[in-house]
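Below are the chains, spelled out letter by letter.
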Amino acid sequence: MFVSLNWLKNYVDIDQLSPEALAERITKTGIEVDGLERFGQSLTNVVVGYVESCEKHPNADKLNLCQVNVGEETLQIVCGAPNIAQGQKVAVAKPGAVLPGNFKIKKAKLRGVESNGMICSLQELGIEEKFVPKEFANGIFVFPEDSEIGAGVTELLNLDDVIIELDITPNRSDAFSMLGVAYEVAAILDVPIRLPQNSVRTVEEKATDHVSVQVEAQENNPYYGAFIINDVQVGPSPLWLRNYLIAAGIRPINNVVDITNYVLLEYGQPLHAFDFDKFGSNQVVVRQAKEQEKMYTLDDQERTLSSEHLVITNGSTPQALAGVMGGADSEVSDQTTTILLEAAYFDPQIVRKAAKDFELRSESSNRFEKGVDPNRVRLAGERACQLLSQYANGTVLDGVAEFDQLDYQEKTVTIWTSIINARLGTDISNDEIGDILRKLNFDYEQDGETFTVFVPTRRQDITIFEDMLEEVARIYGYDNLPFTLPQGGAQAGGLTKNQQLKRHIKSFLEGAGLSETVTYSLTSKGRVNQLVSPEIQEELVSTVSLAMPMSEDHSTLRLSLLPEMLGTLSYNLARKQQNIAYYELGSVFISKEEEVTKQPEEKLRVSGALTGDWITHPWQQEKKQVDFFVVKGILESLFASLNIDVQFKQAKLDDMHPGRTAQLFINNRSIGFAGQVHPTLQKTYNLKETYVFDLDLDYVLEIHKNEPSFDKIPRYPSISRDIALVVDEEINAGAIQSTIQQVGGELVKSVQVFDVYQGKHLDAGKKSIAFNLLYQDPERTLKDEEVEASYQAIIDAVANEHQAELRG
Amino acid sequence: MKERLQELKQEALVKVKEATTLKELQDVRVAYLGKKGPITEVLRGMGKLSKEERPVIGELANTVRQDIASALDEKKESIEAEALEKQLAEETIDVSLPGRPAPVGGPHLLTSIVEEIEDLFIGMGFEVREGPEVETDYYNFEALNLPKGHPARDMQDSFYITEDILMRTHTSPVQARTMNAIDGSKSVKMICPGKVYRRDTDDATHSHQFTQIEGLYVDENVRMSDLKGVLDRFAKQMFGEDREIRLRPSFFPFTEPSVEMDISCKVCHGEGCHVCKKTGWIEILGAGMVHPRVLEMAGYDSQKYSGFAFGMGPERIAMLKYGVDDIRHFYTNDIRFLKQYHKA
């Protein structure tokens, strides 16, 4: 809402503060001021001039030579505006004037003729194009005939006004009117408020003799008032009224429309003027629209209505979409002479629905949606009648044809000083509370510390104690609240075990060289099925999609963090950032229903994506690309740090390299996978060799045993044995290793691969794998014979199970 | 015999002196001090000597032996020292050459901010709670005093999945869930960080996904001045001890009174400058006293219990703290952006 301070001064005295100081006070006490703008700038030497004569310039077709009376003198001015004419009153910038944009006016010769000033358009005086009335858009501005010659234009055009923009929260609908703002400012500054004097002069003829009002949809329209104004002359509004509308951001149109807009801004009550001669009947019938019923609105659009919309009809056809927009049939035009003026209360919900359905948010619908003040509905109609009689020559008929079931009752809210102080942590006295209520213009009855407050109907937002608590607190001033700390017993804050563990996993991965990313949870339908871990696929019944996505790219909830992570890799690669190691912690979303009716399950995953060089040290010719074993090493160390045993099993998974992928298991339960992305998928992301991992973090957290137990540091020596085996190349090292471990039993402390070889000296299809075995008993020194026996048993077992031969 | 020993000694010392390698030195040792060496031979002939001469020659022979041995040791040490010196000289490297970098990763800036705020509130006795990102209409709106058709629902156009399920538009539903779980039986003091979603077109200041941290404290006799005190602690620890806060009225359906908290501008300290758009203050978060309806829906007696709540955006805080100029940076994950915040 744009508030003209010049307009506001009609209701409250604000001269004690600068506009900036006032804006600051309003912000701190009630409503955020979003902006403060000087409407124009004060101009000196720019005055109203009377064009005494206007003739063609002798040397130029498109220029005119004018003699302009500016009061104490008559100036000869050359003017190029197409709409200049003798007899007009115009804005004249005299020599010495400085127009906006630092445009200095000097005496000049134009095509050989002396010109002593400039006749100005509104734009040249600093008014924004969009607020300039259409008739003056392409030329100079013409003042009304009664304007005083020689008067400064600054006051006439309101150029010295300051406009503050209020960011009004949904609860403060009262501030969507100049009177509402005036009450607010009166409370802040503790000054009296001057309400507009409403005195309509009416003729004896009654409105009810000309029109009847019938409301069928009474819940949606508890009040409808129809005023009749005859003999209206449609024309331009007075200058002051146009100025106020412009300041409020509304373009002046004609006196009838301008007056309804003016009252809308002043009272916060939207009104609508019908051309009664075109209305089509003498009865107003308000009802729900019929299904598929059609009407043309003021903007000449055909609207197809439904029973959820409320319409104003003439008994048969809709003439207005209630609270939103009038109909084209009965639109006020220059020829209009009789007006049916509507002042009504429409239910916020029904207006909201229509405004939303037809995307017609307007100054009117905006106010109805938030709820208007019941006590101002008829009053606003009367105010408009008064102005129509004053400024549009209207003859107002007596009374109003109305339907009235509106609740005008003001609410009472009881407050107690002691409870207010207990809630705020303050020490406010009874007298101070009374004073605050007086500033707010709220009536009340006091009994000791108990105040019964009669909340004016303009403040629809105040219904309970806490609402009044806020009123008291903000007028008392939040700056005046003390700083205290909670008195309640000292709670021990902290992270849960799982939260600590998540932080551990993050730090671990960061220490291992991975950077954390945060990607979008919403992905595209094309990406969502990529790289989904087997255990997720198994549980998944359907993916979860938005009902109305804003774009296909973010339409579906992810099943894996990896596709969006690959997207970020791709983004970086396109910017020549080739060596990337990323990880992310986040949820994936799976539904176990065919048709989603419940919240999906959210599964926490930790995933990674790595590409490019892992180690580079050029001058030592050291360079290592990320490969499967880099990723596996990170994961092995991670699980070691968590004290969890994890198994890697060769696996073939969709979207993954068929020979370079492992599925991970804990206690024979699938918890994710790791490996190289399938080259085909890599290509769709424009990626080079890329490795990923994706793990079920929920399960890891679930089975993690937090306390490491104490194992004695071994005191007895260990014995190391190497064993090199030749096997078929299909045999997995892991399989041999588990055989060794099984046979070796507790004596074998560790089994480590230290060499893998294939090629010369070996038959085709064979490979050699060398293991180092470490024997140790924590309780005693081992004997050579025992180790030897175990060693032989192992050789027999691997020969048996894997056809492994000792390498000679 | 005496002379012979002296001779041998001289001879040996010359050879020790001449030796240049440990091998040569060893040869000298074997030649003179070995079992078959000349000194041993001399000693063998001692039987022929008189009783008086025997100890004299014996002592002399020992002295000669010792002298040769210590000369050998000395020479050995010097040869070894020389060799070591040579080795060290050969091993010298150019320490100005670049080192082999260790792989370095780090947290996302948003995580750093969130964890910093978590730790700060943990220090004031708060717990950290989490909740689902896909919410029911009830917890996201209704339980927070936003019934269907409420105009405030306009402020946050949402991503619905079904009529009743949506991407949460704020972390406030975790408040309602936490209070509901307790069923009005005791106090709650928690913060809740998490991802939230709104129907916004991504641009420099909007993101359809962003982060929020919600705080809630419900107990008997919680005062608005407590909210002011806690937020003041937060602002000073997060932004600096010299920063001031102010509260000004605002509106949220789930709090009453509702306020917005500003901090004084770090550049002008409240005087007004271009950073704070001449207001002297920068908006940080929304807060208020928990609306009695919200308390009651969660099972609290709103006569007995009161509370405060606040909610803030880590993106905004990061942008203010580090001058990040575009919210999309947080979600593009450009490695050059991420690495800037891996420093302590």
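Analysis parameters
Residues numbered from 1 in each chain as written. Chains lettered and ligands numbered in written order. Predicted model: local features only at pLDDT ≥ 70, side-chain atom pairs only at ≥ 80, totals over all residues. Heavy atoms only, no water. Helix = DSSP H or I, 4+ residues; strand = E, 2+ residues; numbered from the N terminus. Rg over C-alpha atoms; globule rule 2.2 N^0.38 Å. Buried < 20%, exposed > 50% of the residue type's maximum accessible area, 1.4 Å probe, protein only. Contact = heavy atoms within 4.5 Å. Areas by Shrake-Rupley, 256 points an atom, 1.4 Å probe, with all protein chains shown as cover. Expected span 1.5 Å × (residues − 1). Arc of directions from axis to C-beta. Pairing = 2+ DSSP bridges. Axes fitted to C-alpha atoms, helices over the stretch in contact; angles between N-to-C directions. Salt bridge = Lys/Arg side-chain N within 4 Å of Asp/Glu carboxyl O. Parallel < 35°, antiparallel > 145°, perpendicular 65-115°, else oblique. Nonpolar A, V, L, I, M, F, W, Y, C, P; charged D, E, K, R; others polar. Domains from an automatic or database assignment. Polar contact = N/O pair within 3.5 Å; in protein donor to acceptor, adjacent residues only side chain to side chain. pLDDT = per-residue confidence, 0-100. Phe/Tyr/Trp six-rings, centres within 6.5 Å; stacked < 30°, edge-to-face > 60°. Lys NZ or Arg CZ within 6 Å of the ring centre and 35° of its normal. Patch = residues over 30% accessible without salt bridge, like charges linked within 9 Å, V, L, I, M, F, W, Y side chains within 5 Å. Lys, Arg positive; Asp, Glu negative; His and termini not counted. Charge placed at Lys NZ, Arg CZ, Asp CG, Glu CD.

**Considering the overall build of chain A**
Counting its secondary structure elements, chain A contains 20 helices and 44 strands. Whereas a compact globule of 808 residues would reach a radius of gyration of roughly 28 Å, chain A reaches 42 Å, over 25% beyond that. Expressed as a percentage of the 808 residues in chain A, the buried residues total 54%. Of the contacts formed within chain A by residues at least 6 apart in sequence, a portion of 70% connects residues at least 24 apart. Total accessible area on chain A is roughly 36,300 Å²; 46% of this is exposed by carbon and sulfur atoms.

**Description of helix α20 (residues 784–802) of chain A**
Residues and elements named next belong to chain A. Here α20 contains 19 residues, and its C-alpha end-to-end distance of 26 Å stays within 8% of the 27 Å for a straight helix at 1.5 Å per residue. Listed as buried for α20 are Val-787, Ser-790, Tyr-791, Ile-794, Ile-795, Ala-797, Val-798 and His-802. Burial along α20 is one-sided: seen end-on, the buried residues are contained in an arc of 170°. In α20, the exposed positions angled more than 90 degrees off the buried face are occupied by Glu-785 and Asn-800. Structurally, α20 contributes buried residues whose contacts are with β41 (719–728), α19 (733–744), β42 (748–757), β43 (766–775) and β44 (805–806).

**A look at the sheet that holds β42 of chain A**
Residues and elements named next belong to chain A. Strand order in this open sheet of four strands is β42-β43-β41-β44, and the pairing throughout is antiparallel. Of all strands in the sheet, those with a lone pairing partner are β42 and β44, marking the two edges. Two strands pair when backbone bridges link them, and β41 and β44 are joined in this way by two bridges, in the antiparallel orientation. Paired with Leu-725 across the two strands is Leu-806, which belongs to β44. Against the sheet, α19 engages β41, β42 and β43, with an angle of about 35° to β43. Those strands touched by α20 are β41, β42, β43 and β44, and its axis lies near 15° from that of β41.

**Some details on the pattern of salt bridges**
Summed over all chains, the structure comprises 72 salt bridges over all chains. Salt bridges here are not isolated pairs; linked through shared partners, they connect Glu-24 and Glu-32 of chain A together with Arg-246, Arg-248, Glu-260, Asp-262 and Glu-283 of chain B.

**Some remarks on the packing of helix α2 (residues 19–29) of chain A against helix α4 (residues 178–189) of chain A**
Residue and element names in this part refer to chain A. Between α2 and α4, whose axes approach to 10 Å, the crossing angle comes to 95°. The orientation of α2 with respect to α4, classified from their angle, is roughly perpendicular. Contact with α2, carried on its side by Leu-22, Arg-25, Ile-26 and Thr-29, involves Glu-184, Val-185, Ile-188 and Leu-189 of α4 and no other residues of that element. Along the lines of polarity and charge, the residues of the contact of α2 with α4 split into five nonpolar, one polar and two charged.

**Observations regarding the domain arrangement of chain A**
How big an interface is tends to be expressed through the accessible area that disappears when the partners come together. All names here are of chain A. With domains assigned, chain A is organised as domain 1 (2–39 + 161–189), domain 2 (46–156), domain 3 (202–404), domain 4 (411–474), domain 5 (498–703) and domain 6 (719–806). Centre-to-centre separation of domain 1 and domain 4, based on C-alpha positions: 23 Å. Counting residues at the interface gives nine residues for domain 1 and eight residues for domain 4. Summed over the shared surface of domain 1 and domain 4, the result is two salt bridges. With a shortest N-O distance of 3.6 Å, Arg-459 and Asp-174 are connected by a salt bridge. Seen at the junction of domain 1 and domain 4, the total is two residue pairs in polar contact (both at pLDDT 80 or more). Residue classes in the side of domain 1 that touches domain 4 are distributed as three nonpolar, three polar and three charged.

**Notes on the sheet that holds strand β29 (residues 450–455) of chain A**
Within a beta sheet, neighbouring strands are joined by backbone hydrogen bonds and run either parallel or antiparallel to one another. Residue and element names in this part refer to chain A. In space, the three strands of this open sheet follow the order β27-β29-β28, with antiparallel pairing throughout. Strand pairing shows two members of the sheet lacking a second neighbour, β27 (411–416) and β28 (443–447), which therefore form its edges. Averaged over all pairs of adjacent strands, the angle between their axes in this sheet comes to 20°, without regard to strand direction. As paired strands, β28 and β29 are joined by five bridges and run antiparallel to one another. Of the residues in β29, the one forming a bridge with Asp-443 is Phe-454. Across the sheet, helix α10 (residues 417–424) is in contact with β27 and β29; its angle to β27 comes to roughly 70°. Here helix α12 (residues 465–476) sits on the sheet and contacts β27 and β29; the angle it forms with β27, its principal contact strand, is near 65°.

**Observations concerning the confidence of the model for chain A**
Of the residues in chain A, 100% reach a pLDDT of 70 or more, and the chain-wide mean stands at 93. Confidence scores differ between elements of chain A, with strand β9 (residues 108–110) of chain A showing the lowest mean pLDDT of 87 and strand β40 (residues 690–696) of chain A the highest of 98.

**Examining the packing of aromatic side chains**
For the structure on display, the rule yields 26 aromatic pairs over all chains. Between the aromatic rings of Trp-240 of chain A and Tyr-244 of chain A, the centroid separation amounts to 6.0 Å while the plane-to-plane angle is 70°, which identifies the pairing as edge-to-face. Of this pair, Trp-240 of chain A and Tyr-244 of chain A both sit in helix α5 (residues 239–247), separated by four residues, roughly a single helical turn. Note on Trp-240 of chain A: relative accessible area 30%, which makes it partly exposed. Pairing Trp-416 of chain A with Phe-465 of chain A gives two aromatic rings, centres 6.0 Å apart and planes at 35°, and the pair type is tilted. With Trp-416 of chain A in strand β27 and Phe-465 of chain A in helix α12, this pair connects stretches of sequence that are 49 residues apart. Classification of Trp-416 of chain A as partly exposed rests on a relative accessible area of 31%. Residue classification places Phe-465 of chain A among the buried positions, given a relative accessible area of 12%. By way of ring pairs, the aromatic residues Phe-121, Phe-126, Tyr-217, Phe-234, Phe-239, Phe-308 and Phe-310 of chain B are connected into one cluster. The ring of Tyr-699 of chain A is capped by Arg-669 of chain A, whose NZ or CZ atom sits 3.9 Å from the centre of that ring. Sitting over the face of the ring of Phe-483 of chain A, Lys-228 of chain B holds its NZ or CZ atom 4.6 Å from the ring centroid.

**Considering the side chain of Thr-178 of chain B**
Residues and elements named next belong to chain B. As for its position among the elements, Thr-178 is in helix α7 (residues 172–182). You can call Thr-178 buried: its relative accessible area is 7%. Engagement of the side chain of Thr-178 in a polar contact is seen with the backbone oxygen of Val-174, the distance being 2.6 Å. When residues no more than four places from it in sequence are discounted, the contact partners of Thr-178 are Arg-129, Val-188 and Met-190.

**What to know about the domain arrangement of chain B**
Per the domain assignment, the segments of chain B are domain 1 (2–91) and domain 2 (110–340). Centre-to-centre separation of domain 1 of chain B and domain 2 of chain B, based on C-alpha positions: 89 Å.

**Considering the environment of Glu-20 of chain A**
Residues and elements named next belong to chain A. Tracing the backbone shows Glu-20 in helix α2. Taking the relative accessible area as the measure of exposure, Glu-20 reaches 41% and is therefore partly exposed. Among all residues touching Glu-20, those that are not within four sequence positions of it are Leu-36 and Arg-38. Within polar-contact distance, the side chain of Glu-20 engages the side chain of Arg-38 at 2.5 Å.

**Considering the interface of chain A and chain B**
Listed by partner, the interface residues are 89 residues for chain A and 94 residues for chain B. Counting every contact that joins chain A to chain B gives seven salt bridges. The salt bridge partner of Lys-502 of chain A is Glu-130 of chain B, with a shortest N-O separation of 2.6 Å. For the pair chain A and chain B, the number of links is 42 residue pairs in polar contact (both at pLDDT 80 or more). Residue composition of the side of chain A that touches chain B, grouped by class: 35 nonpolar, 32 polar and 22 charged.

**A few points about a negative patch on the surface**
All names here are of chain A. A grouping of Asp-34, Glu-37, Glu-165 and Asp-167 is seen on the molecular surface, where their side chains present a negatively charged patch. Among the elements of the structure, β2 (32–38) and β13 (162–167) are those that each provide at least two residues to the negative patch. Along the chain, Asp-167 turns up in strand β13. Classification of Asp-167 as partly exposed rests on a relative accessible area of 37%.

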